[in-house]
Every structure is written in C-alpha cells, then in structure tokens.
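Read off the chains here:
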Amino acid sequence: MYFLHTTFKKNSLLTVLIFFGFSYANSIYSGNAELPYEDAVDNEKNSFNGWYISAINLVGNTHVPDDAILDRIPYRIGERFDQSKTGKLIKTLYFDLKRFRNISVYVKDSGTNTIILTIVFEEKPLIQDIVITGNKQVTEKEIREKIPFADIRALDEQELKGYELSIKKIYEEKGFHNTTITSNLSITEQQKAIVTFTVVEHKKTVVTRINFEGNHIISGKKLRSIMFTHEDWLLGFMDKSGTFQYDRIEGDKQMIKQFYQNNGFISAQVVDVKIKFDEQCNTAHLTYIIEEGDCYTISSVTARGNDILKDDYLTSILPTQPNEKYSRENIVNSIKALEFIWGDMGYIYAQIDPEIIPDETTKTVAVTFHSDIGNPVYLNKLTIKGNWNTQDKIIRRRLGLNEGSLITNRAMEISKNRVEALGYFDKRDGVNWKTTRLDENNADLDLIIKEGKTGTANFQLGFGGAAKSSSPTGSVSAELNVANSNFKGSGVRFDLTARFGAEEKAAVFNITQPWLFDRPILGAIDIYHKRLGYEELEQSPARTEKLTGVTLTTGLVTGGWHHLFADTFLRFSFGVENVQYENKNTEGKKSSSPVQSNLRTDNAVEQEFARKQYDRIFNKLFTTGTFGTFMTQIGKDAKNHPMHPTRGYSWLARSILVLPNQDIGYHKFDLDVNWLTPIIGDFDLIFRFHAKMGIINLFGNKSIPYRELFHIGGPDTVRGFLWGQIGPQFTTTSSGRRATDSVGGRKAFVVNAELIFPITNDFTMKGVVFYDGGAGWDNPYVNAENSIFIKNNNFRYRHAVGVGVRLLNPMPIRVDWGFKLDPRKGETAHEVHFNMSYDW
C-alpha cells in the first residue's frame, strides 16, 4: 500500500510531506480505521499523478459533516488525482471550517491505475462555554463585543494565547498595561471544552510627565498641545488625559515630526522615546528625543501648465509660496489643489510629483510641481448600486454626469451633494463614488448608495408649550405622526399629523410629488384644521383660534447643475382659509363682542381708557372671516442634507397675498437665508448662519391675523427672550406690577449664528452654542391715543447667547438656554426654551 501524507498545523507554514511507500497491511482505509503510516517506506519511483480516484474516505471528523468537507476539497471520485492540489485542500479545510488541529491526506493503490484517497482529521474540542473572571475595569460585555467569542465553535490551547493577547490589548487601550491574562481549557465528560480566561488587574498606568530633549526652537508647551498623549491632571477623566498607550506614542512621534516639517524644519526627526515606568505608583514619564535640524524657507515655486494653463496661474493659486517657511502640509495641499484643477478639466487621473531641492548653504528650498495629466477621461458607464428602495431615475435626475460626457471632479462632487440632499441615505457614508479606469480615455463610475430610513410612524406624549407660547411647559400634548419622504422609492412625500393638547389641537395632511409626469414640476396639496390657544395673553381672557384650510401648490425647478441658478425653484400656492376665534371664558361659544380685559391700572378712568384702546387693537388682531390666499415662493436649497446638513446654503423669498374680503386683507413679504460650513472635520463642528427679514402691508382698513404679524423673541426667533418680547407690546401697570401682551409688528429682522456638534455618532443628539439677535417693530394699529400703552414699537435691536441640545429619538425635542446680553430693568437675565420639535 502506498500513501501520501499531508499535514497542516497551527502556528506553522503550510507543510506538505509526501511519502511514497509500501505496506503489507491488508486493511482498507474507511471509517475510523487506524492508518499504518508508521510502516511507510519511501519510494520516489512511484507516483499517483494521473491515476483515477475510486473512493474518498473521511476519518476522524466526528462533529463536522462529510458533506461540508467534500464540498470544499478539489477532488472528486472518477477524476484524475493531482498531487499538487493537496496544499489547497489542507488550507481550504483549515481556514474555512476552523475546526481541525491536524489534517492528513493518504493515498492507497487500489489497482488498475486507481487509488483510494483518505483524509484523516484531528478535531479541535467543541466549545461548551467561555468564562471570563476577575475583570472589573472592563466589562464582560465590552470584551465580547470586541472579540467574537460567539462565532468560535472550537479551540485548542495554542489559539488561546492569541485571545489572551486580544483581551490584554483591550485593557491596554484603557491604560491598564500591567494586567495579566491567563487561560485554561478543560474537557468535559461529553468531550467538550470549557474555556476560562482569568484576569488579574492592576492600577491604571498614568502619564504624569512629558519632557523633550533637543527642542531648541519650539517650546515643550507648544509640542504638548499638538500631541495625542497628555499629562494627567485633576479633570483628566473628562478628556482622557494621562492615558498611556503605545499606539498614541507612535502617533505623537509623527505629530511632532509633521509639526516641525510644517514650520520649516525639513529634516526634523523624533529619534527616540524614553519611557520610565514606576511600577509601584503605576506612573509613566515620557521623554521625546528630537533632532530639529535647520529651518528652511521657500526660494522658488514652479508649477508646469502643460501648455494648457499658464504656469504663473497655477503657481499663484497654490498654498506653497516663495519666501515662506517650508511646510509639508502646504506641499500636500498644493498637490491636492493641482489634482482638483486638472480633475475639473477632465484629467481625473493626473499625477502630481513634487520635486524638492534644498540648498544647504542658503537654507532654502526650491519646489517644482510636475504634473503628468494624461488624457481627458470620459464616462463609459454609470451604475447605481445599493439602492434597494429608491428607484434609479430618482437618483439619476440629480446627477450632472451622463454616459459619454467628460468626467470632472466638480461634476462628481456636485452630483454627490445633490444626491445626498435628497435625505434618503445614510448621513456619514451614504453616497460615494467608485471609479474604474478602462483605458487612457474612458472609465466607469459606480455610485455606491447606502439607504437610510425614510418612513416614520410614531406616537408621542410629553410636555411642551404651544408654538406661540412664552411658557416652556405650558401644556401636556399627544401627537400621532405617519410620514415618509420617499414613499416606495418614488420620491413622493407624505405627512399625516394629528396633535392634541390643552393649547393646541391640529390635523394636518400633506402629499408632495416633486416630479410630476417625470418632469421637474412640483405638485402638492395641504389640508389642515388647527385649534391654537393664546394662553399667554395676560390682560384678557385666553382665546382659541380655529383655522381650517386647503392649499394647492405647483411649481418648477430650473435644470442643470453648473450655473448660479441651478436647482432654483419657483412655486405658486392657491388656498382658502377660514379663521374663527373663541373666548375660553364663554364655554366654547364664539365671541363677537369686545372681550372684558384684565388690565392693570390704579385709576378707574385710566383703566376704562386703557380697556378701550386694548380692545380696539386686539379686536382687529382677532378678526374672523374666510379669505383666499395666493403665495409665490422663489428660492434654492443647496444644503447637502435636509435633516443634518453640514455645508451648503439655502434662500427663500416668499410673497403672500391675502385677497381682501370684508374684514381681512394684506400683503406679506419675507426673505430667509441659511449658510453652513464645517469648521472641524466634516461633521465634528458646523457653523450655521441664518438671517430673516420681513414686512407686511395692509389693504386699506383691513385686518391682519394675530399669528401673521411678527412676534420676535422666543425659541423660533431670538432665544433668551419670551415670545414677542422684542417687539411692540401693550403694557399696563398696577401697584408696581407690569403686564405685557405682544401685539406684533409689521417689520422684523432676525439673525442667528450657531456652532453645532454631534453628541452621538448617529446624529440623534446634537449640541448647539448660539448667538441670536433681532427686532420687531411698527404695529399697524398704534396711534396717538394708544401709543402711551405701547412699548418697543420702534426698532430696538436685542441679542443673547446660549447653549442648547437637539434630540431626535425617541421623540424630537429642543432645549435652549439663552442669556440676554442687554437685560433691561424688570427682565429676567435668561430664559429656558423647551420645544417638542426638531430643527437642524
């Protein structure tokens, strides 16, 4: 009997031992028969290559099914035997199944140029349980999240050492470098393994001192500020100062080197790091040994235009300029700038090679950027991948690239931003390009999409003041909302909201198709019924407004992507509204007569006069009626995401014409502008600027509804102030106590500046630092008689700063705390605003 013996063992290279011998054994290999490999006799004259396989026997695989093995081996019964495939067989079975310690392959001559192939397995013991003991500083949950024990079906003693190191690394990442991990593998009566990892913890190793040697030009204080590792201090637990990690030290070496090279020291190096441990105190002292070298300046900068662009033009736009200190960072940014310029002309595979020639005598550097731009690259095929819900056409109509067109960096970036702006995809990594070069002139583009959630259905119950309330927690409210911004991947949006609260009841339905008939024509319908409570009025009984209406909207969007007015929309809305008011003290009956005011004055005559003036104004503000509306909107939304934008801008100019009826008629115009840009990273810190201004004009002696005037102050305009506090107010005083009601203004101006940062990685919680300012003025019903009761009717700019939190889940919540920069006598210095709504 001849046989071939091939083995694979853990922690060794793939070893193939081929033995050809003769055995006098009469047994046939099958089942679990013991193999007589110890009687083998080398015989290199015999070879089984080309012989036919008559049978394949598997021995020793108690827990792994035969089919799982046979499906993975490169041999089949009836095929010719190829000895060179044994290495692949061993490697495949070992790494795919991960259940064997040793695998051996034997061959037996079965006569007439046929052989029997036998594979013998030594299985690892199956895992019954994995136990972790002694861990206090790191939870078992955290260990199991980072090490996939649940996926491990079998182990041997040698593999346990690797998992010991993995657990130790988790501890080292937290600064516990003296932790020891031991393991034990015990076999039960059922021949299964119980693995126990025993952790012996010690105190955390803390960096208490960081020193430098050789830094003659740049101070140690400056170097410490740019490092990952920081010395421990009183509040180090907040920013992880004092954490000792070897990976951080390697990163610090690179940071120090780059900092020097960005400040002219072209050959600066960190040649060593001395680490001194105090095992008794569990502290570490670090000393970075630096060779600064000489400081170099840029003597000349040259960039070749390849006869397409002028050399002087390319040189002028580069961050690297003559007479400045040499900067490695500027060199890198110059390369990126040239790549973008050439890529914007279709040379997307341009290669930029910087040539840096130092002059040791003058300590200067001459820099030349060589551009190998190749040929312009055209789009062969554009494929969208990963859009399991959104239809291809919804995405393609946002792209500025067509098959056969020139591929440019600008077109790819704008197309990416426009697709992201749909809001259907994952915020961080939802839209990406993949380029596949076909030849010198052509390439394929794949747009890789990662879909996000677009539909919601939720019920929420909580505290929240009405939209126009000065109280942060004026009522308990319940809300049911069903919405989808991309219904069945068609791009159709719908929103159904029902809200019930002490101050507000509403039912609102909207459905919008941005592309009617597959053209950039918008169609939308809004149907609504709202009951809004005005509880904040101090000088009269509370009123309730009932507003019922329907609005139809149509419009169009300009095409293209490369000009200033691309994606600018023009919309027209036609609607009918009916508004009624009820005095809550009349038990739900409509009040058509002046309401008795609760005015505060000390003189009866003055009180009567004040009441008449108050009623004169507020009866105008709360005029009932049915009227038609015509609204025109023109604007553009170039933000990169509808819910979580980080860059871009938007602007909207709106004109509302309320056709005069018996009592109500006016024209309102407002302009709203937003601009965002990242300051740190792409998502870590975002700056947002917002401005809004507006004006309202009456038709003759008609009225303007109370809610349509500008009430500046509060969570939606200038935080840190009560609703309507920065604008016209009707004010009376009794016994030193002042009562004020906002009467609104015809004119308004508001600015908001915010720094926005994510608190959670999924953007469901954000923090905000803000500055707000603004004013509302010029109430239309103020005259010489009642002006003595009106304050803030002229322009008076007020402002505040503050902080806030935005929550998206489990329900949208806004909390802002604003501090007045110019508090007046009798005002509180700050206000807290709590709203159950979400804005970006």
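Residues numbered from 1 in each chain as written. Predicted model: local features only at pLDDT ≥ 70, side-chain atom pairs only at ≥ 80, totals over all residues. Heavy atoms only, no water.

Caption draft 1: The overall build of the protein chain, seen in detail. Looking only at helices and strands, the protein chain features 12 helices and 34 strands. Split into buried and exposed, the 840 residues of the protein chain put 46% on the buried side. If you take every contact in the protein chain between residues at least 6 apart in sequence, the share linking residues at least 24 apart comes to 61%. Of the roughly 42100 Å² of accessible surface on the protein chain, a fraction of 53% belongs to carbon and sulfur atoms. (Helix = DSSP H or I, 4+ residues; strand = E, 2+ residues; numbered from the N terminus. Buried < 20%, exposed > 50% of the residue type's maximum accessible area, 1.4 Å probe, protein only. Contact = heavy atoms within 4.5 Å. Areas by Shrake-Rupley, 256 points an atom, 1.4 Å probe, with all protein chains shown as cover.)

Caption draft 2: Structural context of the packing of aromatic side chains. Tallied over the entire structure, the rule returns 28 aromatic pairs. Between Tyr94 and Phe95 the ring centres are 5.4 Å apart and the planes differ by 80 degrees, which places this aromatic pair in the edge-to-face class. An aromatic cluster is present here, built from Tyr581, Phe609, Tyr614, Phe618, Phe622, Tyr706, Trp723, Phe730 and Phe789 joined pairwise through their rings. Over the ring of Tyr528 we find Lys530, and its NZ or CZ is 5.5 Å from the ring centre. Above the plane of the ring of Phe569 lies Arg571, whose end atom (NZ or CZ) is 3.9 Å from the centre. (Phe/Tyr/Trp six-rings, centres within 6.5 Å; stacked < 30°, edge-to-face > 60°. Lys NZ or Arg CZ within 6 Å of the ring centre and 35° of its normal.)

Caption draft 3: Quick peek at the sheet that holds strand E6 (residues 192–200). As summarised here, the arrangement of the three strands in space is E4-E6-E5, forming an open sheet in which the pairing is mixed. A strand with exactly one partner marks an edge of an open sheet, and here the two such strands are strand E4 (126–133) and strand E5 (180–187). In this sheet, neighbouring strand axes are inclined to one another by 15 degrees on average, regardless of whether the strands run parallel or antiparallel. Of the pairings in the sheet, the one linking E4 to E6 comprises seven bridges and is parallel in character. (Pairing = 2+ DSSP bridges. Axes fitted to C-alpha atoms, helices over the stretch in contact; angles between N-to-C directions.)

Caption draft 4: The sheet that holds strand E15 (residues 442–449), seen in detail. If you trace the three strands from one edge of the open sheet to the other, you get E13-E15-E14, paired in mixed fashion. Both edges of this open sheet fall to strand E13 (378–385) and strand E14 (431–437), since each of them pairs with a single strand only. Direction aside, the axes of adjacent strands within the sheet are offset by 20 degrees on average. Here E14 runs beside E15; their pairing, made up of seven bridges, is antiparallel. Bridge pairing in E15 links Asn432 to Ile448. Seen against the sheet, helix H11 (residues 409–420) touches E14 and E15 and runs at an angle of roughly 145 degrees to E14.

Caption draft 5: Region of interest: the environment of Phe121. Inspection of the secondary structure puts Phe121 in strand E3 (residues 114–123). Given the relative accessible area of 6%, Phe121 is considered buried. For Phe121, the contacting residues outside a window of four places in its chain are Leu58, Val59, Gly60, Asn61, Ile69, Leu93, Phe100, Asn102 and Ile103.

Caption draft 6: Spotlight on the side chain of Arg707. As for its placement among the helices and strands, Arg707 is situated in the loop between strand E26 (685–698) and strand E27 (729–734). Polar side-chain contacts of Arg707 include one of 2.9 Å to the side chain of Glu545. (Polar contact = N/O pair within 3.5 Å; in protein donor to acceptor, adjacent residues only side chain to side chain.)

Caption draft 7: Geometry of the pattern of salt bridges. As enumerated under the stated definition, the model contains 42 salt bridges in all. In this structure, Glu582 and Arg531 form a salt bridge, with 3.9 Å as the shortest nitrogen-oxygen distance. Of this pair, Glu582 sits in strand E22 (residues 568–583) while Arg531 sits in strand E20 (residues 521–534); the two residues are 51 residues apart in sequence, bridging distant segments of the chain. For Glu582, a relative accessible area of 11% puts it in the buried group. With a relative accessible area of 24%, Arg531 lands in the partly exposed category. Glu608 is the salt-bridge partner of Arg611, the closest N and O atoms lying 3.0 Å from each other. (Salt bridge = Lys/Arg side-chain N within 4 Å of Asp/Glu carboxyl O.)

Caption draft 8: Up close: the nonpolar core. Counting residues in each nonpolar core, the largest one holds 39 residues, and the members touching the most others are Ile617, Phe618, Leu621, Phe622 and Tyr706. Contributing elements (two or more residues each) for this core: E20, E22, helix H12 (604–621), strand E23 (625–637), strand E24 (648–658), strand E29 (747–758) and strand E30 (765–777). The element best represented in this core is H12, accounting for five residues. The contact partners of Tyr706, leaving out residues within four places of it in the chain, are Tyr534, Glu536, Leu537, Tyr581, Phe618, Leu621, Phe622, His711, Trp723, Ser742 and Val743. (Core = buried A, V, L, I, M, F, W, Y, C linked by side-chain atoms within 4.5 Å.)

Caption draft 9: Geometry of H11. Spanning 12 residues, H11 covers 16 Å between terminal C-alpha atoms, matching the ideal 16 Å at 1.5 Å per step. If you check which residues of H11 are buried, you get Ala411, Met412, Ser415, Lys416, Arg418, Val419 and Glu420. Tucked into the core, H11 has its buried residues touching helix H10 (392–396), E14 and E15. (Expected span 1.5 Å × (residues − 1).)

Caption draft 10: The confidence of the model for the protein chain, seen in detail. When pLDDT is averaged along the protein chain, the result is 84, and 88% of the positions lie at 70 or above. Taken as a whole, residues 1–45 scores under 50 in pLDDT and shows 102 contacts with residues more than four places along the chain or in a different chain. A low-confidence stretch, residues 464–474 stays under pLDDT 50, and its non-local contacts, those more than four residues away or across chains, total 29 contacts. (pLDDT = per-residue confidence, 0-100.)

Caption draft 11: Molecular detail of unusual backbone geometry. Positive phi values are uncommon outside glycine, yet Lys98 reaches one of about 55 degrees. For Lys98, a relative accessible area of 54% translates into the label exposed. Despite not being glycine, Asp518 shows a phi value in the positive range, around 60 degrees. Structurally, the position occupied by Asp518 is in the loop between strand E19 (504–513) and E20.

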